Protein chains: 2
Amino acid sequence: MFRNSNISSHFWKIITFLILISQFWCATPVHVEKRTTQYEIRKFRVPVDHFNLVNNKTFDLRYLYNDTFADKSDSAPIFFYTGNEGDIELFAKNTGFMWELAENLRASVIFAEHRYYGKSLPFGDNTFNDTSNLGYLSVEQVLEDYGKLIQSLLANHRRPVIAFGGSYGGMLAAWMRMKYPHIIEGALAASAPILQFNGITPCDIFSKITTSIYTSYSKNCSTNIKNSWNLFRTYFSKEDGKKELNAVFKFCDPLKQEEDLNHFLDYLNDVYENLAMANYPYENDFLSPLPANPVYQFCTLLEDLHVDKELLLAMHKAISVYTNFTTTLKCLDYKSAFDTTLGGMAWDIQTCNQLVLPMCSNTKDTMFPNAEWNFSKYSDDCYKNFKIRPELNDITFRYGGKNLKFTSNIIFSNGLLDPWSGGGVLETANNDLNVIIIPEGAHHLDLRSSNPADPPSVQAARKEEERIIKRWIRNYY
Amino acid sequence: MFRNSNISSHFWKIITFLILISQFWCATPVHVEKRTTQYEIRKFRVPVDHFNLVNNKTFDLRYLYNDTFADKSDSAPIFFYTGNEGDIELFAKNTGFMWELAENLRASVIFAEHRYYGKSLPFGDNTFNDTSNLGYLSVEQVLEDYGKLIQSLLANHRRPVIAFGGSYGGMLAAWMRMKYPHIIEGALAASAPILQFNGITPCDIFSKITTSIYTSYSKNCSTNIKNSWNLFRTYFSKEDGKKELNAVFKFCDPLKQEEDLNHFLDYLNDVYENLAMANYPYENDFLSPLPANPVYQFCTLLEDLHVDKELLLAMHKAISVYTNFTTTLKCLDYKSAFDTTLGGMAWDIQTCNQLVLPMCSNTKDTMFPNAEWNFSKYSDDCYKNFKIRPELNDITFRYGGKNLKFTSNIIFSNGLLDPWSGGGVLETANNDLNVIIIPEGAHHLDLRSSNPADPPSVQAARKEEERIIKRWIRNYY
């Protein structure tokens, strides 16, 4: 459950982050962002089970539609966002690059909602009430949803369709191009960890990259974090230490049980990972509001190597970059991070059927505590929670893992400041695939709207992406 | 129902043909055929529904296994026959080329049985008793069965896997390579009408090619057939004419009702199509035993243009080439062709879910009676029979129709004496696909064992196929 929740929270929090950061954008006078994210909300009827023609059940898939940029020649490109784990409106509002490019290339813009998220619930309010309803939550069903929606939008016209997606949405965009190349002309898969699966990528890569991001700002920064885990446990183990810990951190719910301490430490784990993912060069709102370059801000507070009470105080101050940047919060609510939202539950189910992303860490190579990857326990937890046993190798069996030489017209972009880049495609398998590395980029920064603070590498990446997408469209015509 | 049955019978009878022709092979001293078709019969457990991880039901897929040719290096090629609509042992015994090639290239040989056929029944004896059991009979489930079986056979060794298939089996081999190129290195798709679908290939192509085969032997041959349909109806319409018709044809069940006449005419329709498909250059056993070059034999009996009673007598004599070549049959059993076998039922279901192959004919361009393609009626018949509505465009949506430029390493071979060649791939979409035309070939003649009577074009085709497959294997290593 821990690993599962933890993995889930990476993805889910990035969405929450996207929601929150959008508020920042709205407060900033970036004209393009405000003007372009206008859309109609539409519905498209899809089968609950695309693979069983005896099952006649259907439901409404929600999608967003903007046709203001496209010319009326019936041949304009379609930019299609392959929605991932969340309400589709969040992605529409936080994928500014796609809107900017649509205006440049006169494309229609579609954002399709992923089944089981947002308002696209196959069984309405009962969607999550019955285990048998969960069997249709799979990558293959989602790709079919999107393919059929595209076919209906095309209405037999010849128009090039480009798929866009970030994170899990980028995985879907890439897989869509692999399996339906006759429908999708090309795909921009931003920060898509399609190799973060069993037997392909070591389970500790995520924690290693996260560690190296902190170390790159200052060696002492990651060492302090590394030393803090035992410090917290030592303080907690004694009655007066526990009191001091509670006093320093001002928890909304003071640590009492061992379980509380573990919750808090898991929360810190997520804080460090989320700070790294959202390590953008401008102020942004993540789970709490963040300064520009939040890891740098965090690490400047841990420049010296501390021990004991000094380390405790320094850690509290540093963590406040994440938990209380606005200095308006009265107490630290480490428990709310573990609330399960609707979207979060669908994601937990996906990590329990196909999307098993092995994660582990060790104190030797990383700043994190030891946490081994134990699939057997992982599987048991899934069964306990959802009556589902994960298929460890399902995705690799279907999509080929590293064996990408047979596919074409996919851009795999990855930021080196993104912990997920370790599971991304960093080497091209043939001349028809493009790998774009963004040294100064955090999690799919390239998909976001242009910003004056953008580093040169993401500006260059967007230009290259535009050049390639233009070529795909030209070749299509 | 008529069209459905009719379509089904094309495929099904070709299998029956394969069974029967195998008796011919066994009677003929062709050493290779006898020696090589030895195999173990094995079972492999597969999920009933590969796409629903909540559904835990499984069943045993049957497959045939021969490892006598392969060297023991753990890197020998695997030749994998993607079983089609029938008992897998029939295909093993009638795909001699694959065995010959396996011996030459030291490959393991696998023949996998298609679910819902032979002994691979997902719900055992109840498989066809309940409509809800029919929902897992689909191309996608079959490809998953084969993919998972291959993975288990590979057991993590690196071995090139080549798929082989004829007719619908060839379609599966091609689709397998399209969707699982990381598992299948290449595919020989022999006489695979993957373009015989709505909106791609005209529905009358099959009847036109069949007609042209007869016309190529003699113009009068197809004209006599064309004229005979009305003749039979005219004779049947009068009491003494009906008597004469029954006397000339010696039916086991004399024609009494209009329904009997229609059965007989449908039967004739199939006879002409089957004669064309099995138009092999050596004696063979189809629904009844056939001489070498049966269309030629048939047409030599219709060299003159006949009318009235003369035409009736000539037609009877010509049809006897098909119905009574051995001259041992006492009466003509036109009704038995419409008996539904177990395999036949599964095929009928497939033509009612995904494999909708539009067929039509008209008296202007063909020797066949007018028969329009009426999907609405077709769909109603499917619903009446199986409570299933066909998805007219399902296959093209998934596999791209003519849009093959994204795929590679598939040989599409087609014989020009084969009515199914009209729905085959006759032009290559890129340099990584191969099209082999066999002017003197009937339905997937190239997959059969070498025979002294083989025309040069099929000998050349097999050589070219071997050369290409060798290259795939070489490139793999």
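Just so we're clear, the structure is a prediction, and the values are computed from it rather than from any experiment.

> Lay out the pairing of strand 2 (residues 58–66) of chain A in plain terms, naming residues and giving numbers.
Residues and elements named next belong to chain A. Taken across its nine residues, strand 2 has seven buried, putting it largely inside the fold. The sheet contact formed by strand 1 (residues 40–47) and strand 2 spans eight bridges and is antiparallel. Note on strand 2: the bridge partner recorded for Arg 42 is Tyr 63. One ladder, built from four bridges, connects strand 2 with strand 4 (residues 108–112); its direction is antiparallel. Its bridge partner being in strand 4, Leu 64 is matched across the sheet by Phe 111.

> Summarise the nonpolar core; cite the residues concerned and give the values.
All names here are of chain A. Ranked by internal contacts, the top residues of the largest apolar core, which has 74 residues, are Phe 80, Val 139, Trp 175, Ile 194 and Phe 412. A domain split of this core shows at least three residues from each of domain 1 (40–199 + 393–476) and domain 2 (203–386). Apart from the residues within four sequence positions on either side, Trp 175 is in contact with Val 139, Leu 143, Tyr 168, Ile 194, Phe 197, Leu 355, Ile 395 and Tyr 399.

> Report on empty space enclosed by the protein, specifying residues and quantitative values.
Within the structure shown, the criterion is met by nine cavities of 30 Å³ or more. For the largest cavity, the calculated volume is near 210 Å³. Here the residues of the lining of the largest cavity sort into eight nonpolar, no polar and eight charged. Estimates place the volume of the second largest cavity at around 70 Å³.

> Lay out the state of the cysteines in plain terms, naming residues and giving numbers.
Residues and elements named next belong to chain A. Counted under the stated rule, the structure contains eight disulfides over all chains. Disulfide pairing places Cys 352 opposite Cys 382 at an S-S distance of 2.0 Å. On the sign convention where negative is left-handed, the bridge of Cys 352 and Cys 382, at about -80° about the S-S bond, is left-handed. Of the two residues, Cys 352 is situated in helix 13 (residues 342–353) and Cys 382 in helix 14 (residues 375–386); the sequence distance between them amounts to 30 residues.

> Explain the sheet that holds strand 3 (residues 78–82) of chain A residue by residue, including any values.
Residues and elements named next belong to chain A. Spatially, eight strands are ordered 1-2-4-3-5-6-9-10 in an open sheet, and the strand pairing comes out mixed. Every interior strand has two partners, whereas the edge strands, strand 1 and strand 10 (433–438), have only one. Pairwise comparison of adjacent strand axes, ignoring direction, gives a mean angle of 20° for this sheet. For strand 3 and strand 4, the ladder comprises five bridges, and the chain directions are parallel. Looking at strand 4, one finds that Phe 79 is bridged to Val 109.

> Tell me what's going on with the relation of the copies chain A and chain B, and back it up with residues and numbers.
Here chain A sits on chain B after a turn of 180° about the axis and a move of 0.0 Å along it, with an RMSD of 0.1 Å. When the rotation and shift are considered jointly, the pair of chain copies conforms to a two-fold rotation axis. If distances are taken from each C-alpha of chain A to the rotation axis, the shortest is found for Lys 179 of chain A, at 3.1 Å. With an isologous cut-off of 70% or more, the 100% of interface residues of chain A that recur at the interface of chain B puts this contact in the isologous class.

> Outline the confidence of the model for chain A, supporting the account with residue identities and numerical values.
For chain A, the average pLDDT comes to 89, and 90% of its residues sit at 70 or higher. At the level of chain-chain contacts, confidence expressed as ipTM amounts to 0.88, with global pTM at 0.89.

> Residue-level account of the domain arrangement of chain A, with values.
Residues and elements named next belong to chain A. According to the domain assignment, chain A contains domain 1 (40–199 + 393–476) and domain 2 (203–386). On a C-alpha basis, the centres of domain 1 and domain 2 stand 30 Å from each other. Contact with domain 1, which involves 34 residues of that partner, is made by 27 residues of domain 2. Of all residues in domain 1, the largest losses of buried area upon contact with domain 2 belong to Phe 128, Gln 196 and Pro 419, amounting jointly to 23% of the total for that side. Put simply, domain 1 and domain 2 have zero salt bridges between them.

> An account of a nonpolar patch on the surface is needed here, citing residue identities and associated values.
All names here are of chain A. Together, Leu 416, Leu 426 and Ile 437 give the surface a local cluster of nonpolar side chains, amounting to about 230 Å² of exposed area. Within the secondary structure layout, Leu 416 lies in the loop between strand 9 (410–415) and strand 10. Overall, Leu 416 belongs to the partly exposed group, its relative accessible area being 41%.

What counts and what doesn't
Residues numbered from 1 in each chain as written. Chains lettered and ligands numbered in written order. Predicted model: local features only at pLDDT ≥ 70, side-chain atom pairs only at ≥ 80, totals over all residues. Heavy atoms only, no water. Buried < 20%, exposed > 50% of the residue type's maximum accessible area, 1.4 Å probe, protein only. Helix = DSSP H or I, 4+ residues; strand = E, 2+ residues; numbered from the N terminus. Pairing = 2+ DSSP bridges. Core = buried A, V, L, I, M, F, W, Y, C linked by side-chain atoms within 4.5 Å. Domains from an automatic or database assignment. Contact = heavy atoms within 4.5 Å. 1 Å grid on protein atoms, 1.4 Å probe; cavity = no way out; pocket = protein on both sides within 12 Å on 5 of 7 lines; lining within 4 Å. Points joined across faces, edges and corners; volume = space filled by probe spheres on them. Nonpolar A, V, L, I, M, F, W, Y, C, P; charged D, E, K, R; others polar. Disulfide = S-S within 2.5 Å. Axes fitted to C-alpha atoms, helices over the stretch in contact; angles between N-to-C directions. Least-squares fit on C-alpha atoms with pLDDT ≥ 70 in both. pLDDT = per-residue confidence, 0-100. Buried area = accessible area lost by both parts, 1.4 Å probe. Salt bridge = Lys/Arg side-chain N within 4 Å of Asp/Glu carboxyl O. Patch = residues over 30% accessible without salt bridge, like charges linked within 9 Å, V, L, I, M, F, W, Y side chains within 5 Å. Areas by Shrake-Rupley, 256 points an atom, 1.4 Å probe, with all protein chains shown as cover.

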